[in-house]
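Inside the fold
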Amino acid sequence: MITVLPIETPGLGDRTYLAHDGSVALVVDPQRDHDRVTALADAAGVRITHVFETHIHNDYVTGGLALAREVGAAYLVNADDEVSFERTPIRDGQTVEVGDTMRIRAIHTPGHTHTHLSYVLEADGERIAVFTGGSLLYGTTGRPDLLGPEHTDTLVRAQWRSAHRLAAELPDDTAVWPTHGFGSFCSATQATGVSSTIGQEKRTNAALTADEQTYVERLLAGLDAYPAYYAHMGPANAAGPDGPDLSPPAVADPAELRRRIEAGEWVVDLRDRTAFAAGHLAGSLNFGLDGQFVTYLGWLIPWGTPLTLLGESPEQVAEAQRELVRIGIDRPAAMATGTPEDWAGGEPLAAFERASFADLQAALDKGDDGLVVLDVRRNQERERAGIPGSFHIPLHDLLGRLDEVPGGRVWVHCAGGYRASIAAALLHAHGRDVVAVDDGFDTAHDLGLAVPTPENTDNQKEIPA
C-alpha cells in the first residue's frame, strides 16, 4: 500500500509531499525547514531514498539539496536546469525505481518554468498519483509570468498544452498533488479545494475546459503583482542552499532596539493587529503571525535590511524565524520577548485607532476635515470596486510612495484588515496620524460605501487579507 502525506506550509500557500510504501520514501518539493519532513518519515518508520524537485522555485528556498545530503538520498533535478551543485539529472520520460514497489515517471510540463517536470507515481502497474508542482493546480494552473515578460507568451501556451498532456496520458482516477495553489502567489488564479483527480480537473479546470486562446486571454487578464522577494529565490535555489540555522538570535535591550529603529533597521512586532494598535514600541512595524506574515514582510522589506523580531514569547519568535528562512531571510539581527513596556524601557508607547467601515462612513458623513481614505488592496481588487474619493496605493508599493499620501488623518483599509494594519503601522512609524479599518470589504458593499465598477458588478466578494 502506498501512502502520500502532504506537508502544508500555509504561510506561503505550498505543499511538500512524502510518499512511502512502509519501508522507503520519496519526497517532492521540500521546503527549507526540512526537519518537518524527516520527522514525518521517522514517525512512519521509513527511509527517504529519493528527493524530487518539480522546478527551480520562485516563491521559496528549497530544502531539497540539504535534505538529500542529510539522509543520503538521490536528489533529482531536471537535467536541463543550470545549477551549481551535484544532482541526479532526470528528463522527460525517464523512470526511477524507488524501493521495490514505487516507480516515478517524469513528464515535461513547461508553463510555470521552461524546464518544469511533473512526476507520475506508479505502483503494481497502476498510476496512482501525479505530483504537478506548479503545472496543473486545483481548478487553475501555475502562473507563467515569473521568468519575465519576454517568456510569458511562450509559457502560458505551454502551460495549456502541459495540462492537456497530463489529462491525455493519465487515468481519470489519478490523484493530483500540486505544490502550489493553496494561497501561493505562484497560482495564476485562486485555487479551490484540498484534493482532486485528473477526472475532476477535466470537468472543472479552465485549462482543460476552455480552448487555448480563451484560456490564454483569461489567465493573462487575471494576473496581478507577485512578491518582490521572488527575484531572489531562483538564484538561491540554483546555487544550492544549505540547511537553515534556527538557533535563537541575540537578545536586544531597549537601548539597542531604539538604536536599531533610529538607524533605519526594521524592528517587527509579531503580535496580532489588535494588540499592536493598542500599544507598541514607537517606530516598530507590525506583521502579525496570524496572517500572511512572511509573504508581506518579504514583499515589503528592502532586501538585506537588518531585521529584529519582537514577540510575546521565544516560541513566537522561533515560529517567525522558521517562516523567514523559507524565503532566505536566514538570521534576524536580534530579538526581544515580553511586552511593549519591556521593549520601550520607560519610553511612552505609541498607539493608533482601529475602526469599522461603519465608523468610516460616519466620519465621511460628518465631513471631517482632512480625512484621507487610503486603499491598499492590489490593483485587481481596486478595479472591481472602490470607495469614491479614496486614494489607492497597493500595500507592496506603499514604502516607496509614502510622500504621495495626502496630508491629513489617514483611514487605511484593505479587504479584511491584515494589510491595513501593516500599512497603518508603516505610516504611523513615519509620523502620520492613522486609523486602521479592521473590517471586511463586503461590509463596505453592504453599507453602500463601496461602488463597483460597471464591468464587474457580478463578482464583488473579496477574500479577506
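Before reading on, note that the structure itself is shown above.
Bear in mind that the values here come from a model prediction, so they are computed numbers and not experimental data. (Residues numbered from 1 in each chain as written. Predicted model: local features only at pLDDT ≥ 70, side-chain atom pairs only at ≥ 80, totals over all residues. Heavy atoms only, no water.)

Before going further, it helps to spend a moment on the overall build of the protein. Along the protein, the regular secondary structure elements total 17 helices and 22 strands. Its C-alpha atoms give the protein a radius of gyration of 24 Å, within 12% of the compact-globule value 23 Å for 465 residues. Reported as C-alpha extents along the three principal axes, the dimensions of the protein are approximately 70 × 55 × 35 Å. Looking at the protein as a whole, 57% of its 465 residues qualify as buried. (Helix = DSSP H or I, 4+ residues; strand = E, 2+ residues; numbered from the N terminus. Rg over C-alpha atoms; globule rule 2.2 N^0.38 Å. Buried < 20%, exposed > 50% of the residue type's maximum accessible area, 1.4 Å probe, protein only.)

Turning to empty space enclosed by the protein, a few remarks are in order. Taken as a whole and assessed by the stated rule, the structure comprises five cavities of 30 Å³ or more. Taken as a whole, the largest cavity spans an internal volume of roughly 50 Å³. Classifying every residue of the lining of the largest cavity by side-chain character gives four nonpolar, four polar and one charged. (1 Å grid on protein atoms, 1.4 Å probe; cavity = no way out; pocket = protein on both sides within 12 Å on 5 of 7 lines; lining within 4 Å. Points joined across faces, edges and corners; volume = space filled by probe spheres on them. Nonpolar A, V, L, I, M, F, W, Y, C, P; charged D, E, K, R; others polar.)

Topologically, Ala68 is positioned in helix α2 (residues 64-71). In the structure, Ala68 is positioned 384 residues away from Pro452 in sequence and 51 Å away in space, judged by C-alpha atoms. Residues within four places of Ala68 in sequence aside, it is in contact with Val51, Ala73 and Tyr75. (Contact = heavy atoms within 4.5 Å.)

Turning next to the pattern of salt bridges. Tallied over the entire structure, the rule returns 30 salt bridges. Ionic pairing is found between Glu212 and Arg161, a salt bridge with its closest N-O pair at 3.8 Å. Taken together, the residues Glu212 in helix α6 (residues 212-222) and Arg161 in helix α3 (residues 149-169) connect sequence positions 51 residues apart. Residue Arg161 is classed as partly exposed on the basis of its relative accessible area of 44%. Across the salt bridge formed by Glu381 and Arg419, the nearest N and O atoms sit 2.9 Å from each other. On the criterion of sequence distance, the pair formed by Glu381 in helix α14 (residues 379-384) and Arg419 in helix α16 (residues 418-429) is long-range, its members being 38 residues apart. Judged by its relative accessible area of 6%, Glu381 falls in the buried class. A single network of salt bridges, built from pairs that share partners, joins Asp92, Glu97, Arg103, Arg105, Glu122, Arg165 and Glu169. (Salt bridge = Lys/Arg side-chain N within 4 Å of Asp/Glu carboxyl O.)

Mapped onto the elements of the fold, Ala106 is located in strand β8 (residues 102-108). By relative accessible area, Ala106 is classed as buried at 0%. Beyond its immediate chain neighbours, meaning those up to four positions away, Ala106 contacts Ile90, Arg91, Asp92, Gly93, Gln94, Leu117, Ser118 and Tyr119.

Moving on, we get to the sheet that holds strand β5 (residues 74-78). Here we have six strands laid out as an open sheet, ordered β1-β2-β3-β4-β5-β6, and mixed in their pairing. At either margin of the open sheet sits one strand with a lone partner, and together these are β1 (3-9) and β6 (88-90). Taking the axes of each pair of neighbouring strands and ignoring which way they run, one obtains an average angle of 25° across the sheet. Sheet topology places strand β4 (residues 47-52) next to β5; three bridges connect them, and they run parallel. In the sheet register, His50 faces β5, and the bridge partner there is Ala74. Each of β1, β2 (14-20), β3 (24-28) and β4 is contacted by helix α1 (residues 35-44), which is oriented at about 150° to β1, the strand it contacts most. Here α2 sits on the sheet and contacts β3, β4 and β5; the angle it forms with β4, its principal contact strand, is near 150°. (Pairing = 2+ DSSP bridges. Axes fitted to C-alpha atoms, helices over the stretch in contact; angles between N-to-C directions.)

So, on to α3. In this model, α3 (21 residues) spans 30 Å end to end at C-alpha, consistent with the 30 Å of a helix rising 1.5 Å per residue. When the local axis directions of α3 are compared, the greatest deviation, roughly 25°, occurs at Leu155. Of all the positions in α3, only Thr152, Leu155, Val156, Ala158, Gln159, Trp160, Ser162, Ala163, Leu166 and Ala167 are classed as buried. For α3, the elements touching its buried residues are β8, β9 (117-123), β10 (126-133), α4 (198-204), α5 (206-209) and α6. (Expected span 1.5 Å × (residues − 1). Bend = angle between axes of the 7 residues up to and from the residue.)

All right, on to the pairing of strand β15 (residues 334-337) then. Pairing geometry for strand β14 (residues 307-311) and β15, over four bridges, is parallel. By the bridge assignment for β15, Leu309 is matched with Met335. Read from β14 through helix α11 (residues 314-325) to β15, the crossover connection turns out right-handed. (Right-handed = clockwise from strand over helix to strand, strands pointing away.)

The next thing to look at is the sheet that holds strand β19 (residues 391-392). Read from one edge to the other, the open sheet built from five strands follows the order β16-β21-β20-β17-β19, with strand pairing classed as parallel. Edge positions in the open sheet fall to β16 (353-355) and β19, since each of these has one partner strand only. Direction of pairing for strand β17 (residues 371-375) relative to β19: parallel, over a ladder of two bridges. Its bridge partner being in β19, Leu374 is matched across the sheet by Phe391. Running at roughly 145° to β17, helix α13 (residues 357-366) makes contact with β16, β17, β20 (409-413) and β21 (434-437) of the sheet. Across the sheet, α16 lies against β17, β20 and β21, angled at about 175° from β21, the strand it touches most.

Structurally, Thr16 is set in strand β2. Thr16 sits in the buried class, given a relative accessible area of 1%. At 2.7 Å, the side chain of Thr16 and the backbone oxygen of Asp29 are in polar contact. When sequence neighbours within four positions are dropped, the list of residues in contact with Thr16 reads Leu5, Pro6, Ile7, Val27, Val28, Asp29, Pro30, Gln31 and Val37. (Polar contact = N/O pair within 3.5 Å; in protein donor to acceptor, adjacent residues only side chain to side chain.)

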